[in-house]
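# What the coordinates show
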Amino acid sequence: MVGIVLASHGELAAGVRQTSSMVFGDQENVAVVSLEPSMGPDDFRANLEKAVATLEDQEQVLFLVDLWGGTPFNQTTAFAKGHDTWAIVTGLSLPMVIEAFSARFDSSKTAHEIAAHIVGEARKGVRVLPEELEPAPEVKAAPAAKAGAIAPGTVLGDGKIDIAAVRIDTRLLHGQVATAWTKQIAPNRIIVVSDGVAHDELRKTMIEQAAPPGVPANVVPISKMVEVAKDPRFGATKAFLLFETPQDLLRCIEGGVDIKKANIGSMAHSVGKVVVTNAIAMGEDDVKTLEELKAKGVELEARKVPSDSSEDIDAMLRKAKAELAEQAK
C-alpha cells in the first residue's frame, strides 16, 4: 500500500488527518509533519525524514503538501530528489486526502497513479453557491514569443532598478513570501541574493520552481546584484530582494546597492545563537551586523507577514546581547 505523508505549515496536516478519520476511518501507513513557527528548514527536513521512516512502504510514497513554494513543499521536493517512485501534490484538503485513501485500496496503484488521479478529484471538491458565482472556464491564450536579450547600454524606465522591498529570511522563498508578501508588494521579479545558493544548483532550481505565478524568481550572487543595481536595463524592474542572512545584506549595501529599509522575517537558530522571538535567533555576529546596518541608516523591522505589527528591534538586540553574555559565562 502506498505510504502517505501529510505536510503543512502549523497544524493543518494534523487537523486534516484527524477529520479524515471521522469520515473515512483510521488509516494505517500515514504520517504527519508540521512546520512550527520556531522551526527552521533543517528542522522540518529532519522530521520529514523521520516520518517517512515510519511508513511500511518507503518505495511508494505520496506527499500531500499544503502550499506550492512553502517550506514544507521546498524541503519535501529536495528530499524527494532521486526517489523516482515518489510523488508530491500541493493544495492539501480534506477531499484530496479522502480520495487518496480510497484510491490506494487498489494495492496495484503506484504513488504516481494516485497523484494523477487525486488532482482532478480534489479540484472538483471546490464548489460555490449560488452556482452562478462559478467562474467561466479559462481560455488559455497562445504563448507569446520569447523576447531576445536586451542590448547592453539600453536604458529602460528611469534606468534604475526599483527595489520595492527587502527581506532577511533563512527560508528565503517560501509560503509567506510567495503569497502574503508578494501580493502586498506586487513586484514583477523576486531576486534571491546569496553566494551560497547561487552556487548550489539544487537549491537554486527549487527556488525558481517555487516562484508564485506571474512573478519569476532569480538567484544571483552578491557581486551580480551590485552589477544589476547599476545596469540601466533593469530600470523597468520592480524587485523584491531576499537575503538569507543580515551579513549578506550588509555586503550588498557595502557594494553600492541603495537599500534603505529591510524586513526581518526569520533567522534560524543554530549553535552559538540565542532565541530572541519564535522566528528569530541571533549570534554575536548577527547582533554586530544588525547594528552596523542601523548605523548606515537602514530602517529595520521584524514582521513575519504584512498584517503583523513590527517588533521592537532595539529590544530584540538588547535581549540577544544579554542572553549571549549570560551564555558566555
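Anyway, here's the lowdown on the structure attached to this text. Along each chain, residue indices are assigned from 1 in the same order as the chain's sequence is written. Two thresholds apply to this predicted model, a pLDDT of at least 70 for residue-level local features and 80 or more for giving and counting side-chain atom pairs, whereas whole-chain, interface and lining totals are computed over all residues. Just so you know, side-chain values use all the structure's heavy atoms and leave hydrogens and water out.

We now examine the packing of helix H4 (residues 94-103) against helix H5 (residues 111-124). A packed helix pair is summarised by two numbers, namely the angle formed by the two axes and the spacing between the axes. Lines fitted to C-alpha atoms define the axes here, with helix axes fitted over just the stretch in contact, and angles between the N-to-C directions of these axes take values from 0 to 180 degrees. By definition, any uninterrupted DSSP run of H or I lasting at least four residues is a helix, any uninterrupted run of E lasting at least two residues is a strand, and each is numbered from the N terminus. Remark: H4 packs on H5, axes separated minimally by 9 Å, with the N-to-C direction vectors making an angle of 140°. Judged by the inter-axis angle, H4 sits oblique to H5. In the packing of H4 onto H5, the handedness of the crossing is right-handed. Contact with H4, carried on its side by Met96, Glu99, Ala100 and Ala103, involves Ile114, His117, Ile118, Glu121 and Ala122 of H5 and no other residues of that element. Convention used here: angles under 35 degrees read as roughly parallel, angles over 145 as roughly antiparallel, angles from 65 to 115 as roughly perpendicular, and any remaining angle as oblique. Two helices that cross are described as forming a left-handed crossing if the nearer one is turned anticlockwise from the farther one by less than a right angle, and a right-handed crossing if clockwise. Note on contacts: a residue pair qualifies if any of its non-hydrogen atoms lie within 4.5 Å across the two residues.

With that settled, consider the environment of threonine 77. Relative to the elements of secondary structure, threonine 77 occurs in helix H3 (residues 71-80). Judged by its relative accessible area of 12%, threonine 77 falls in the buried class. A sequence separation of 248 residues divides threonine 77 from alanine 325, and the C-alpha atoms of the two residues are 39 Å apart. Aside from chain neighbours lying at most four places away, what touches threonine 77 is Ile88, Met206 and Gln209. Counted as a polar contact is a pair of N or O atoms within 3.5 Å, where, for protein atoms, one must be capable of donating a hydrogen and the other of accepting one, and residues adjacent in sequence contribute only when both atoms are in side chains. A polar contact of 2.8 Å, which involves the side chain of threonine 77, links it to the backbone oxygen of phenylalanine 73. Note on exposure labels: buried denotes an accessible area under 20% of the residue type's maximum, exposed denotes more than 50%, and partly exposed covers the range between, all computed with a 1.4 Å probe on protein chains only.

With that out of the way, let us pick up the sheet that holds strand E8 (residues 238-243). The strands making up a sheet are joined through hydrogen bonds of the backbone, oriented either antiparallel or parallel. Pairing between strands requires that DSSP locate at least two bridges from one strand to the other. Taking strand neighbours across the sheet as the criterion, the six strands line up as E7-E6-E8-E5-E9-E12 in an open arrangement whose pairing is parallel. Only two strands of the sheet have a single neighbouring strand rather than two, namely strand E7 (217-220) and strand E12 (299-302). Direction aside, the axes of adjacent strands within the sheet are offset by 25° on average. Bridge count between strand E5 (residues 162-169) and E8: six bridges; the pairing is parallel. Paired with isoleucine 163 across the bridge in E8 is alanine 239.

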